[in-house]
Amino acid sequence: MLTKFETKSNRVKGLSFHNKRPWILTSLHSGVIQLWDYRMGTLIDRFDEHDGPVRCVHFHKSQPLFVSGGDDYKIKVWNYKLHRCLFTLLGHLDYIRTVQFHHEYPWIVSASDDQTIRIWNWQSRTCISVLTGHNHYVMCASFHPKDDLVVSASLDQTIRVWDIGALRKKTVSPADDILRLSQMNTDLFGGVDAVIKYVLEGHDRGVNWAAFHPTLPLIVSGADDRQVKLWRMNDTKAWEVDTLRGHMNNVSCVIFHAKHDIIVSNSEDKSIRVWDATKRTGIQTFRREHDRFWILAAHPELNLLAAGHDSGMIVFKLERERPAFSVSADTMFYARDRFLRFYEFSTQRDVQVIPIRRSGSTSPNQGPRTLSYSPTENAVLLCSDVDGGSYELYIVPKDSFGRGDATQEAKRGVGGSAVFVARNRFAVLDKSSNQVLVKNLKNEIVKKSALPIATDAIFYAGTGNLLCRADDRVVIFDLQQRMVLGDLQTPFMKYAVWSNDMETVALLSKHMIVIASKRLVHQCTLHETIRVKSGAWDENGVFIYTTLNHIKYCLPNGDSGIIRTLDVPIYITKVAGNTIFFLDRDGKNKAIIIDATEYSFKLSLMRKRYDHVMNMIRSSQLVGQAMIAYLQQKGFPEVALHFVKDEKTRFNLALESGNIQTAVASAKEIDEKDHWYRLGVEALRQGNVGIVEYAYQRTKNFERLSFLYLISGNIDKLSKMLKIAEVKNDIMGQFHNALYLGDVRERVKILENAGHLPLAYITASVHGIHDVAERLAAELGDDAPSLPGGKVPSLLLPPAPILCGGDWPLLNISRGIFDSGMDNISTGAADEEEDGGDGDWGDDLDIADVDGLENGFAAAVLEDGEAPEENEEDGGWELEDLELPPEENTPRNSVNARSSVFVAPTAGMPVSQIWVQRSSLAAEHAAAGNFNTAMRLLNRQLGIKNFSPLKPMFLDLHAGSHSYLLAFSSAPVISVAVERGWNDTASPNVRGPPALVFNFSQLEEKLKAGYRATTNGKFTEALRLFLSILHTIPLIVVESRREVDEVKELIIIVKEYVLGLKMELKRREIRNDPVRQQELAAYFTHCNLQMPHLRLALLNAMTVCYKGKNLSTAASFARRLLETNPSMENQAKAARQVLQATERNMTDASQLNYDFRNPFSVCGATYVPIYRGQKDVSCPYCGTHFVPSQEGQICNVCEVSVVGADASGLLCSPSQIR
């Protein structure tokens, strides 16, 4: 059973499939009717007007209606589009068991516990016939799919077949007089519309269900005697054919399958059973644990069944409908109707090749599941579920094409799945041992390979490679080298579809598509709410796939969309241009033409093939909000402009793409304040002063205009703004403009007119306009304010503009490919812009009506009460018209035309980027400021994971490789790269490596300082110096191979000191464990130290052990000390005294974990000896040894690397790379 959909609800008593839409109705014991979309898995609607359980429900074949019957004795007819009950049919006197619409007439048949069957006309809403004869509850009644018959089943242990031919005649020709007479008789004596035709007796208990066969004269019934019976009928009689036994409890429902010779029954024994209708034997049984089954329904057109049980219902299929096929270039092999068939895409030739063996089993799903084809050998592998998974190998004879009669015995074998991996080799999965058997065409095993993951299926992945599937991942496995080439986490994958060049693979799971490269590097993932069914690649690298109800596309960048809707699922076999070839569920080859414009357009846009994009814009109708939104999202608003007619959308797109001309044209059409304001903001950003000015004029935004003239130095227009403010009687506007102009007399005059005499007096006094100040002082008298004494006023005046600024200068660059398509828009917009953004805009500035003046230009405002300037002349230029030839003969040259177009230079590559590209040295990456890659390099080369100690070095390197220059005060600081080894003769175009602040000689100085600190017993200071060397070494660069060896030698020296000093400091911390103190002192003597330091360590260990009564061990240290020929007499003397004292008693008071005869190295973390031959792990950087339990921890000695990590080794010189 292939479960397609499942619900959890109250007990389901009635089910009905819609014949066109993916809907199913369920009626529940709780009184609710639910409408589900089984494809999407969603509840669409619920209807709950019945009082008590609803036992039956049925969709109308063509109208948006369904009928239901319940324990409230009511039959209700509903309209699902209106979401309500249209009417109720009353007449039954007990529970209603089943209802059904007639396939042709406006009839409903209903069966009830009142022992009657009623036929209703739902158009006239009346009962047209009552069928009486059963003497117990009638459990079901249904119309025959073609004939005028009704079958009913009852608890009186009988099945009855009724002839309703008379009822049909009466419906067709009710005008007949004889029928009118019979109608009167019916009213008086009871009807003869329905006549009992057969009574079928044979069940020992009440019969729960009876159903007609869709095409044959057969009836099937199920009863409380746990039996399913098959009956045959002819024109005169009906008889029992056979009994199907197997159910363990009452049989609730039984039906014939619409497309196969099978009977499906379900029962209160919690099982569904499938029976072979011809052999009358059981094929399959499906059980539930806790739920009894009550009802079955079959889809009228699709291969779907549904069953209702105590806690919900399931929609299921009995067998898979996906045909097995394999495509090779222009041909395809596929299996259909127990034949292997061949199809040629170019000619659409479809022939059967050879018959395929029938499986011995009668159970469903035994047909071929997958098919693999080897074109060179013309061999076909068919895999099926027979015997728990098996394959058959056929060699197709060249001459059998089209005859289909050549029979041959296939070579068979058992295996989970089988695919060709080479010309004459195929791989078979053996699930039990999790290995692949490679076989030749004689079915002989050539090779066995164990698989890297627990595999449940294998797929082809190129010659010699297999795609192995586990539950949560897939891997590509190379059979030759027996190694994994790629690994990817995915949900459970069902199918793999390779592109034509085998570079990309689409992994199809139930609700997801993962697209990856041939090495399984993830590229994108698509999620679908509906099941994914199939897919194929087109020649441009677009993946075309189908779900249950759509054909869709997926671009290489993960963008997807719908191409068209499907009525029924299809299985794509090949995509060629605009044609999709596919197999339908009947295994028939078909082709459909699709419109590939949308995804071709998006693909061209993604691949920057703008010539294609322009051609498609000109030739096709690509429109819609989705396309515009897509172009905006992908950063192509200028392309979206071509599609848009709506002015507001055009305006937004034009602003987004910086196309001011189009924005102006759209703003004029819209003419709203907000749009003019936004246009002004964008024009200001672009430095297009003319448009800013025009936008502010249109919105009468005088404050902004004044400020614009101030910053662009346009004093003339600023003076006009002052006069406009005067006319509008805007006191603050006048004052601001006077302030911007630096006109002090005007400011005094404004303050005086506004009645602020004290302010006017102070302003005049401070600015030295004494005549006005005296006049105002006389007016104010005693109220004249006094100026504060001892303070010097400062002059506040705007700087005089040297020249008036216009639009910002713009580089002329070659036009983009998309601009040429917009010429028609641009020309109009440019003309309009010239109208509005003219140099002296004052001539058409709109002003709000002031004192009765019409809107006009400034000159009109200023005419009244304004004397002409003294030096103005009367006449003007007095230009006369010239008699010129017609205009068309004069070529128009653009004012702004340039003799040659300047193309903006592309920015050069930053020096830091050049450093990073050329180098694999971590120090140079850090100097370039690329800390990320520096850290990755150090991790790869030395296994470094803890970067905290290296952070100050990184920052020093970066700061030290750059210098900073300040050109002049208002300019930003310029960063200059400092290069290593630069001289006067260096080429200016060739970049050298960065200068580095750390070098090898500094480390040698630190090493000497560390030695001195160790000699003086300053162990903490010495440890700090040695660790500092270890942390600096990864970030130094040396030139020669000899220096590289010296650096590596330095690491070993410093590591020994760090380990020894850490042990000695640890020993001094331990107070109450003399044994551990002696051990640590002993281990210190085995560090590779300089001779003076080794003597001090031996003297120290000898003293500690002698005090701890370990005389034998103390003697060994004394002997080692004397062997070094100590130059200091007191050391030799102490050693000789210890030897004399211990000769008499060579014993140890306590057992130490120390054997000086057996060579060992000390663990850097636990400080225990690791003797030769014992397992250990080491630090990839400093080389310190550790016990195996420390693997994966940060090294305790260098404090930066991970113990046991894989690393390629120190890289500190360009000579190592060359």
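Residues numbered from 1 in each chain as written. Predicted model: local features only at pLDDT ≥ 70, side-chain atom pairs only at ≥ 80, totals over all residues. Heavy atoms only, no water.

> Explanation requested: the overall build of the protein in the structure shown.
Summing up its helical and strand segments, the protein has 30 helices and 61 strands in all. Going through the 1218 residues of the protein one by one, you find that 49% of them count as buried. The long-range fraction of contacts in the protein, counting pairs at least 24 apart against all pairs at least 6 apart in sequence, stands at 48%. For the protein, the accessible area works out to roughly 61,000 Å², and carbon and sulfur atoms hold 50% of it. (Helix = DSSP H or I, 4+ residues; strand = E, 2+ residues; numbered from the N terminus. Buried < 20%, exposed > 50% of the residue type's maximum accessible area, 1.4 Å probe, protein only. Contact = heavy atoms within 4.5 Å. Areas by Shrake-Rupley, 256 points an atom, 1.4 Å probe, with all protein chains shown as cover.)

> Would you mind going over unusual backbone geometry with me for this structure?
Outside of glycine, negative phi angles account for most residues, and trans bonds account for most peptide bonds. The phi torsion at methionine 502 lies on the positive side, around 60°, for a residue other than glycine. Following the sequence through the fold, methionine 502 ends up in the loop between β45 (493-498) and β46 (504-509). Despite not being glycine, glutamate 1199 has its phi angle at roughly 65°, a positive value. Along the chain, glutamate 1199 turns up in the loop between β61 (1185-1186) and α30 (1214-1217). On the basis of relative accessible area, glutamate 1199 is assigned to the partly exposed category, the value being 26%.

> Sorry, what's going on with the sheet that holds strand β4 (residues 33-37) here?
Within a sheet, neighbouring strands are paired by backbone hydrogen bonds and run either parallel or antiparallel to one another. Ordered in space as β2-β3-β4-β5, the four strands form an open sheet in which the pairing is antiparallel. Each edge of the sheet is formed by a strand with only one pairing partner; in this case those strands are β2 (12-17) and β5 (42-47). Adjacent strand axes in the sheet meet at a mean angle of 20°, parallel and antiparallel pairs treated alike. In this structure, strand β3 (residues 23-28) lies alongside β4, joined through five bridges in antiparallel fashion. Along β4, the bridge assignment pairs leucine 25 with leucine 35. (Pairing = 2+ DSSP bridges. Axes fitted to C-alpha atoms, helices over the stretch in contact; angles between N-to-C directions.)

> Just to check I follow, could you spell out helix α3 (residues 597-606) for this structure?
For an α-helix, the turn length of 3.6 residues means that residues three or four places apart are oriented alike. Within the span of α3, buried status applies to Tyr599, Phe601, Lys602, Leu603, Ser604 and Leu605. Lysine 608 occupies a position one or two residues after α3 and carries a positive phi of about 60°.

> Could you clarify how one ought to interpret the pattern of salt bridges in this entry?
It is possible for side chains of opposite charge to pair when their charged atoms get near one another. For the coordinates displayed, the defined rule picks out 45 salt bridges. Salt bridges here are not isolated pairs; linked through shared partners, they connect Glu6, Lys8, Arg288 and Asp291. (Salt bridge = Lys/Arg side-chain N within 4 Å of Asp/Glu carboxyl O.)

> I'm lost on the sheet that holds β46 in this one. Help?
Strand order in this open sheet of four strands is β45-β46-β47-β48, and the pairing throughout is antiparallel. The open sheet has two edge strands with one neighbour each: β45 and β48 (522-527). Averaged over all adjacent pairs, the angle separating strand axes in this sheet is 20°, with direction ignored. By the bridge criterion, five bridges tie β45 to β46 in an arrangement that is antiparallel. For tyrosine 495, the partnering residue across the bridge sits in β46 and is leucine 508.

> What's the story with the pairing of strand β44 (residues 483-489) in this structure? I'm lost.
Looking along a regular strand, one sees the side chains alternate between the two faces of the sheet. Inspection of the sheet shows strand β43 (residues 473-478) paired to β44 by six bridges, in the antiparallel sense. Its bridge partner being in β44, valine 474 is matched across the sheet by leucine 488. Hairpin connection, β43 to β44: the antiparallel pair is bridged by four residues, and arginine 482 has positive phi, about 55°.

> Sorry, what's going on with the pairing of strand β38 (residues 425-430) here?
In the sheet, strand β37 (residues 418-422) pairs with β38 via four bridges, with the strands oriented antiparallel. By the bridge assignment for β38, alanine 422 is matched with arginine 425. Note: β38 against strand β39 (residues 435-440), six bridges, orientation antiparallel. Each bridged residue has a counterpart across the sheet, and for phenylalanine 426 the counterpart in β39 is lysine 439. Here β38 folds back onto β39, and the loop between the two strands holds four residues, one of which, asparagine 434, carries a positive phi near 50°.

> Explain the side chain of histidine 299 here, please?
In this structure, histidine 299 sits in the loop between β26 (293-298) and β27 (305-309). Engagement of the side chain of histidine 299 in a polar contact is seen with the backbone nitrogen of leucine 302, the distance being 3.0 Å. Discounting residues that sit within four places of it in the chain, histidine 299 has contacts with Phe17, His18, Asn19, Tyr38 and Leu304. (Polar contact = N/O pair within 3.5 Å; in protein donor to acceptor, adjacent residues only side chain to side chain.)

> Hey, could you run me through the packing of helix α28 (residues 1111-1123) against helix α29 (residues 1129-1143) in this one?
How two helices pack is summed up by the angle between their axes together with the distance between the axes. Between α28 and α29, the least distance of the axes is 9 Å, while the angle of their chain directions is 145°. Relative to α29, the crossing made by α28 is left-handed. Only Gln1131, Ala1132, Ala1135, Arg1136, Val1138, Leu1139 and Thr1142 of α29 make contact with α28, whose side of the interface consists of Leu1111, Ala1114, Ala1115, Ala1118, Arg1119, Leu1121 and Leu1122. Counted by class, the contact of α28 with α29 contains ten nonpolar, two polar and two charged residues. (Left-handed = near helix turned anticlockwise from the far one by under 90°. Nonpolar A, V, L, I, M, F, W, Y, C, P; charged D, E, K, R; others polar.)

> Help me understand a nonpolar patch on the surface in this model?
Judged by side-chain polarity, Val195, Ile196 and Val199 come together as a nonpolar surface patch covering roughly 220 Å² of accessible area. Among the secondary structure elements, isoleucine 196 is positioned in strand β17 (residues 195-201). (Patch = residues over 30% accessible without salt bridge, like charges linked within 9 Å, V, L, I, M, F, W, Y side chains within 5 Å.)

> Mind showing me how you'd approach the UniProt feature "coiled-coil region" (unreviewed entry) in the protein here?
Under the UniProt annotation, the feature "coiled-coil region" (unreviewed entry) is placed at residues 1125-1152. For residues 1125-1152, the helix share is 54%, the strand share is 0%, and the end-to-end C-alpha distance is 27 Å. (UniProt positions renumbered as here; feature names shortened; annotations may be inferred.)

> What exactly am I supposed to notice about the packing of aromatic side chains here?
Both the distance between ring centres and the angle between the ring planes are used here to describe each pair of aromatic rings. For the structure shown, the criterion picks out 32 aromatic pairs. When the ring of phenylalanine 420 is compared with that of phenylalanine 426, the centres are 6.0 Å apart and the planes differ by 70°; the resulting orientation is edge-to-face. With respect to burial, phenylalanine 420 and phenylalanine 426 carry one shared label: buried. Pairing tryptophan 537 with phenylalanine 543 gives two aromatic rings, centres 5.0 Å apart and planes at 50°, and the pair type is tilted. Taken individually, tryptophan 537 and phenylalanine 543 each receive the classification buried, so the pair is uniform in this respect. Above the ring of tryptophan 294, the side-chain terminus of lysine 13 is found at 3.9 Å from the ring centroid. The ring of tyrosine 495 carries the charged tip of arginine 322 above its face, separated from the ring centre by 3.7 Å. (Phe/Tyr/Trp six-rings, centres within 6.5 Å; stacked < 30°, edge-to-face > 60°. Lys NZ or Arg CZ within 6 Å of the ring centre and 35° of its normal.)

> I would appreciate a short explanation of the side chain of serine 110 in the present structure.
If you trace the backbone, serine 110 turns up in strand β11 (residues 107-112). Taking the relative accessible area as the measure of exposure, serine 110 reaches 0% and is therefore buried. A polar contact of 2.7 Å, which involves the side chain of serine 110, links it to the side chain of histidine 92. Setting aside anything within four residues of it in sequence, one finds serine 110 in contact with Ile75, His92, Thr98, Val99, Thr116, Ile117, Arg118 and Trp120.

> Looking at this model, I keep getting lost on the packing of helix α27 (residues 1091-1107) against α29. Mind explaining?
Close contact between α27 and α29 brings their axes to 11 Å; oriented N to C, the two are set at 30°. Where α27 crosses over α29, the two elements pack in a sense that is left-handed. Taking contact as the criterion, the partners of Arg1095, Leu1096, Leu1099, Met1102 and Tyr1106 in α27 are, on α29, Gln1131, Ala1134, Ala1135, Val1138, Ala1141 and Thr1142. Here the contact of α27 with α29 is composed, by residue class, of eight nonpolar, two polar and one charged.

> In this structure, what is going on with the confidence of the model for the protein? I would like to understand it.
Interpreting fine coordinate detail is not advised for predicted regions of low pLDDT. Confidence in the prediction for the protein averages 85 pLDDT; 88% of positions are at 70 or higher. Note on residues 821-885: pLDDT is under 50 here. Beyond four places in sequence and across chains, it has 69 contacts. Ignoring residues within four places in sequence, the model shows residues 887-900, a span with pLDDT below 50, making three contacts including any to other chains. (pLDDT = per-residue confidence, 0-100.)

> Is there a simple way to explain the environment of asparagine 1153 in this structure?
Assignment of secondary structure puts asparagine 1153 in the loop between α29 and β58 (1160-1162). On the basis of relative accessibility, which here comes to 36%, the residue asparagine 1153 falls in the partly exposed class. Sequence separation between asparagine 1153 and glutamine 1078 is 75 residues, and the spatial gap between their C-alpha atoms is 9.7 Å. Setting aside residues no more than four positions away along its own chain, asparagine 1153 makes contact with Glu1079, Tyr1083, Val1168, Pro1169 and Tyr1171.

> Help me out: how do you make sense of the environment of glutamine 1002 in this one?
Relative to the helices and strands, glutamine 1002 resides in helix α23 (residues 1000-1015). Residue classification places glutamine 1002 among the partly exposed residues on the basis of a relative accessible area of 34%. For the pair glutamine 1002 and threonine 1032, spaced 30 residues apart in the sequence, the C-alpha separation amounts to 10.0 Å.

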